[in-house]
Amino acid sequence: MNDPICGMTVEPECALRVERNGQTFYFCSEDCRRKFLSARAAVRSSGPCAIVIFGASGDLTRRKLLPSLYNLAAEGILPDDFAIIGVARREWSREVFIEQLRVALLQFATRKVDAALWAKFEERIHFCHGSFDEPETYEKLKTLLGECEVQHHTGGNVLFYLSVQPVSFAFIARQLNEHGLVMETPATWRRVIIEKPFGHDLASARELTSALSSALHERQIYRVDHYLGKETA
């Protein structure tokens, strides 16, 4: 076990410790422990935004994204002015979607779910039913984003999280561009997170990069490859 501040090896049974989000961190000294706490306290909440999850009915949203967003809210890092919009093919109402997320959070949360916090959280959850290859889906999403900007004061900032099959990445990016959903202004930002293997080899990764670059600026693209990110055996 290593101290996260200095990297020194520590024995858990005699080390200082701090509990955070279901994790235990061990420290060799009070100085390292204080530096860790100070760094955590320095984290400030982000600005207002809407978070759009494509593939919101999938396992990644239930098991990973939702608990992580809830933890950010519990830690005060998620801004007060935010909205979450799920996009999926399931013919769900907003109420059904919220209930699906509530059940998932109770099952996969990494901390105790606070009823009062969840009540505030679910007020900002919305659902957009539609197929990713239908232009109508993106028009409905544009309308919903406008409504959320008024209702939840998201400031026109949007984070698109593509929790979908890799074959859909480039197509969704093009549709977002064609429908004006990634257009930025001096006062607003739009970002797209690509989640899943970014290509299966160098050639396919370059092809995907080229396709994304035709629809987005490089500063708008965030790549998360959870295969490359795993520790080696």
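In this report, we go over the structure that sits alongside the text. (Residues numbered from 1 in each chain as written. Predicted model: local features only at pLDDT ≥ 70, side-chain atom pairs only at ≥ 80, totals over all residues. Heavy atoms only, no water.)

Per the counting criterion, the structure on display carries eight aromatic pairs. Every member of this aromatic cluster is reached through a ring pair, and the members are Tyr70, Phe82, Trp118 and Phe121. Arginine 89 extends its terminal NZ or CZ atom over the ring of phenylalanine 132, reaching a point 4.5 Å from the ring centre. Here the basic side chain of arginine 124 rests over the ring of phenylalanine 82, its NZ or CZ set 5.6 Å away from the ring centre. (Phe/Tyr/Trp six-rings, centres within 6.5 Å; stacked < 30°, edge-to-face > 60°. Lys NZ or Arg CZ within 6 Å of the ring centre and 35° of its normal.)

With that settled, the discussion passes to the environment of glutamate 123. Mapped onto the fold, glutamate 123 is located in the loop between helix 4 (115-122) and strand 5 (125-129). The spatial distance from the C-alpha of glutamate 123 to the C-alpha of isoleucine 84 is 9.5 Å, given a sequence separation of 39 residues. Not counting residues up to four positions away in its chain, the partners in contact with glutamate 123 are Arg94 and His152. (Helix = DSSP H or I, 4+ residues; strand = E, 2+ residues; numbered from the N terminus. Contact = heavy atoms within 4.5 Å.)

With parallel pairing, the six strands of this open sheet are ordered in space as 5-4-3-6-7-8. Among the strands making up the open sheet, the edge pair consists of strand 5 and strand 8 (221-224). Along the sheet, successive strands turn relative to each other by an average axial angle of 20 degrees, direction set aside. Two elements, strand 7 (residues 190-195) and strand 8, share four bridges in a ladder whose sense is parallel. In the strand pairing of strand 8, isoleucine 194 is matched with arginine 223. Sheet strands in contact with helix 2 (residues 59-74) are strand 3 (49-54), strand 4 (82-88), strand 6 (158-162) and strand 7, and its direction is about 170 degrees off that of strand 3. Here helix 5 (residues 135-152) sits on the sheet and contacts strand 3, strand 4, strand 5 and strand 6; the angle it forms with strand 5, its principal contact strand, is near 165 degrees. (Pairing = 2+ DSSP bridges. Axes fitted to C-alpha atoms, helices over the stretch in contact; angles between N-to-C directions.)

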